[in-house]
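Here is what each chain is made of, one letter per residue.
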Amino acid sequence: MPRRLTGFTPSGDLHLGNHIGAIAPIVAGQATTDTVVFISDLHALTLEHDPADVRRRTLEFATVLLAAGADPGTCLFLVQSHVPEHTELHYLLECATGYGEAQRMIQFKEKAGRQSQVRMSLLTYPILMAADILLYDTDEVPVGEDQSQHVELARDIAQRFNTRYGPTFTVPRAVNPPVAARIMDLTSPGDKMSKSAPSAAGALRLLDEPDVLRRKVMRAVTDTDGVVSYDPDRKPGVSNLLAVLAACTGDEPRRLAGRFDRYGELKEAVADAVVATLAPVRERYLRLAEDPGHVRKVLRAGAERARESAGVKVRQAKAAIGLLPG
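A brief structural summary. Just so it is clear, the structure is predicted and the values come from calculations on it, not from any experiment. (Residues numbered from 1 in each chain as written. Predicted model: local features only at pLDDT ≥ 70, side-chain atom pairs only at ≥ 80, totals over all residues. Heavy atoms only, no water.)

### What about the overall build of the protein chain?
Tallying secondary structure elements over the protein chain gives twelve helices and five strands in all. Radius of gyration (C-alpha) of the protein chain: 21 Å, near the 20 Å computed for a compact globule of 326 residues. Reported as C-alpha extents along the three principal axes, the dimensions of the protein chain are approximately 70 × 45 × 40 Å. Residues counted as buried form 48% of the 326 residues belonging to the protein chain. Within the protein chain, contacts between residues at least 6 apart in sequence are counted, and of these 75% link residues at least 24 apart. In the structure as shown, the protein chain presents an accessible area of about 15500 Å², 51% of it carried by carbon and sulfur atoms. Here the protein chain contributes 40 positively and 41 negatively charged side chains, and the mean placements of these two sets differ by 2 Å. (Helix = DSSP H or I, 4+ residues; strand = E, 2+ residues; numbered from the N terminus. Rg over C-alpha atoms; globule rule 2.2 N^0.38 Å. Buried < 20%, exposed > 50% of the residue type's maximum accessible area, 1.4 Å probe, protein only. Contact = heavy atoms within 4.5 Å. Areas by Shrake-Rupley, 256 points an atom, 1.4 Å probe, with all protein chains shown as cover. Lys, Arg positive; Asp, Glu negative; His and termini not counted. Charge placed at Lys NZ, Arg CZ, Asp CG, Glu CD.)

Here's what the structure looks like:
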C-alpha cells in the first residue's frame, strides 16, 4: 500500500479548489492508501503573519478536514509543529543540500521579489518540506504544478543522502491532480482560485454560507457572446464555470456545455452543485467547532502516533550522517 502525504498551510481560507484538488482525494483514498495529513503551521511563519491568526487557522483547518471526512482512525492526522522531528530532520537535510538548490526554487524567487525584507525561513522552507515528506517514508505527494519543483528537491536530497550515507529515505514522487481539478477565480478566470486572494468575491470558500456561494457564482465573469462552450483559451470564464460544475458532479466540462443554452441556466446549475458539495462540510464544521477540545485531542493523538515512526527515522538519519547516539 503506497504512502501518500498532503499538507495544508494555515493561511488564507480553504476554498472549492482545495476541496476538489486535495481534500476530496484524501477522503476517497484513505481506505486504500496509507495516508498522512498534516497542517503545516511552520510553513506559515515564512512570511509576515499574525501569531493569533496562525493558531486560529491551524485549528480551523484541522476542523475543516475532519468535517470533510478525513478519518484520524484511518490516516495519520497531525499538526507539523507538534512533531519536533520535522525540524530536527530539517537541519540534517540542510547539511546535505546546496545553497544554490534552495536559491533556485521558483516560489522563493517570486515571493522574495515582492518583499523588502526576506526571512531566511523562506529560503530554507523547501528543505523543511523535504523533511516533512522524507520523515514518513512517503511514496507519493499530490501537488500542483507550483509545488512540483519542491518534490523534485526532496527527491534529489533523498537520493544524495542515500548515496553518501547509506540507504535511509524512500525517494518520493509527485502526483499531479487532474486538469479538471484546476479551479480558477470567478472574477479573474485567468488566475487560479487562491486561499489568499485580496478579494473574496472570486473564491468559493468552504465555510461560506450557501447564499454567499450562490451570489458569488451568479456574479461570476462570463463574456458577451452568450454561447455556452468549453474553450479555456477563448472563453475562460464560462469554461471555469463548466469546470466547477464538472468537478462537483464528476462529469466532463465539454459534455456539460451541451446541456445549457444560456449563461443564467449554467450559473444556476453551478450554484446548486457547489452548495450541494460544500454546505454539508460547513454544517459538520459548525458542529465540530462547538467542541474544540475534541479536535485538539484528535491532534494530540495524531502527534503521538507520528512521533513513534518519526523518531525512528530521525535516529536512522542521525546515525547515517555521523552523529554519536545519546
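The rest of the description comes next.
### Here we look at the pairing of strand S1 (residues 3–8)
Pairing analysis gives six bridges linking S1 to strand S2 (residues 34–39), with the strands arranged parallel. Following the sheet pairing, Arg 4 is matched in S2 by Thr 35. Between the parallel pair S1 and S2, the chain is carried across by helix H1 (residues 16–29), and the sense of this crossover is right-handed. (Pairing = 2+ DSSP bridges. Right-handed = clockwise from strand over helix to strand, strands pointing away.)

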